[in-house]
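Listed below, chain by chain, are the residues.
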Amino acid sequence: MKKITVTGRTIEEAIEQALTQLNVTIDRVEVTVIEEAKKGFLGLGSKPAVVEVKELYDPIEEAKTYLHSVITNMGISISIEQKQEEEGTVFELVSDKVAILIGKRGQTLNALEYLTNLVLNRHSKSYKRIFLDAENYRERRKQTLIALAERQAERAIRLNRNISLEPMPAKERKIIHTALQDREEVTTNSKGEGGYRHIVISPVASK
């Protein structure tokens, strides 16, 4: 957070100068009037207005700035579009090298999302969440996982044995669990630790 002290012929002029220096709008600062302007007598003894202007902390903006810096340092030109959804703030990554930012099965995108959320919450009093997406990858990945769940459930039933899926992040495992929760012929359980945690689809024995 930046804090500067600025003078001007009036309080309003001093504030405007501070906003220009900080490159922010009035809603992003806290203003303290240190001294009001004095006109003096016959032009003598006049004093300018003095204000202290402090930029307010915005964790979302800090996270966006951090993410932009990381991606730029990867040698990738990027713009970040922000939108608010019910589950949290979404940063949509727009780039001509979006495939690199997504990575194999979303691994790079997930890593960037994790780091961005660390920055977002390092000074926050309550937990906030940012989601990263690029070219609607999250929805496409969700549909791929749902199709995988259905396919492997059918395989578990046909072979009458447990089917272990590859390790996945927690949010992807949740998609699998949700996709199969209403199927009475199978059950799903997460097994393993850390990066090896995966889902096992088990057939339910016929009564």
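Everything discussed here concerns the structure shown above.
The rules behind these values
- Residues numbered from 1 in each chain as written.
- Predicted model: local features only at pLDDT ≥ 70, side-chain atom pairs only at ≥ 80, totals over all residues.
- Heavy atoms only, no water.
- Helix = DSSP H or I, 4+ residues; strand = E, 2+ residues; numbered from the N terminus.
- Rg over C-alpha atoms; globule rule 2.2 N^0.38 Å.
- Buried < 20%, exposed > 50% of the residue type's maximum accessible area, 1.4 Å probe, protein only.
- Contact = heavy atoms within 4.5 Å.
- Areas by Shrake-Rupley, 256 points an atom, 1.4 Å probe, with all protein chains shown as cover.
- Lys, Arg positive; Asp, Glu negative; His and termini not counted.
- Charge placed at Lys NZ, Arg CZ, Asp CG, Glu CD.
- 1 Å grid on protein atoms, 1.4 Å probe; cavity = no way out; pocket = protein on both sides within 12 Å on 5 of 7 lines; lining within 4 Å.
- Points joined across faces, edges and corners; volume = space filled by probe spheres on them.
- Nonpolar A, V, L, I, M, F, W, Y, C, P; charged D, E, K, R; others polar.
- Core = buried A, V, L, I, M, F, W, Y, C linked by side-chain atoms within 4.5 Å.
- Salt bridge = Lys/Arg side-chain N within 4 Å of Asp/Glu carboxyl O.
- Patch = residues over 30% accessible without salt bridge, like charges linked within 9 Å, V, L, I, M, F, W, Y side chains within 5 Å.

This brings us to the overall build of the chain. A count of helices and strands for the chain gives 6 helices and 9 strands. In terms of overall size, the chain is more extended than a compact globule, its C-alpha atoms giving a radius of gyration of 27 Å where 207 residues would be expected to give roughly 17 Å. On the principal axes, the C-alpha backbone points of the chain span a range of 100 × 35 × 25 Å. Of all 207 residues assigned to the chain, the portion counted as buried reaches 36%. Summarising the internal contacts of the chain: among those between residues at least 6 apart in sequence, 54% fall at separations of at least 24. A total of about 13,300 Å² of accessible surface is found on the chain, and carbon and sulfur atoms cover 51% of it. Of the side chains in the chain, 32 bear a positive and 30 a negative charge, and the two mean positions are spaced by 7 Å.

With that out of the way, let us pick up the layout of surface pockets. Empty pockets left among the atoms are what a rolling probe the size of a water molecule brings to light. Each pocket or cavity is described by its volume, and for the largest pocket that value is around 710 Å³. Surrounding the largest pocket, 23 residues form its lining, E87, R138, K142, K171 and I175 being those nearest its centre. Elements with a minimum of two residues in the lining of the largest pocket: β4 (79-85), β5 (88-94), β6 (130-133), α5 (137-159) and α6 (170-180). When grouped by side-chain class, the residues that make up the lining of the largest pocket number 7 nonpolar, 2 polar and 14 charged. Roughly 420 Å³ of internal volume is contained in the second largest pocket. Lining of the second largest pocket is provided by 18 residues; of these, N110, M168, P169, A170 and K171 occupy positions nearest its centre. For the lining of the second largest pocket, the secondary-structure elements that each account for two or more residues are α4 (107-121) and α6. Taken together, the residues that form the lining of the second largest pocket break down as 7 nonpolar, 3 polar and 8 charged.

To continue, consider the nonpolar core. Ranked by internal contacts, the top residues of the largest apolar core, which has 19 residues, are L67, I71, F91, L93, L101, I130 and L132. No other element matches helix α2 (residues 59-73), which puts 4 residues into this core. Residue contacts for L132: discarding those within four places in its chain leaves L67, F91, L109, L112, E113, T116 and R138. Core analysis: the second largest hydrophobic core is formed by 13 residues, L145, I176, V186 and I201 among them.

Across all of its chains, the model carries 12 salt bridges by this definition. With a shortest N-O distance of 2.8 Å, R183 and E150 are connected by a salt bridge. Taken as a pair, R183 in the loop between α6 and β8 (186-191) and E150 in helix α5 lie far apart in primary sequence, 33 residues in all. We note a salt bridge from E185 to R183, for which the minimum N-O separation is 3.2 Å. Judged by relative accessible area, which is 15%, R183 ranks as buried. Each of E113, R129, R138 and K171 takes part in one network of salt bridges that share partners.

Where nonpolar side chains cluster on the molecular surface, the patch consists of I26, V31 and V33 and spans about 220 Å² of accessible area. Tracing the backbone shows V33 in strand β2 (residues 29-35).

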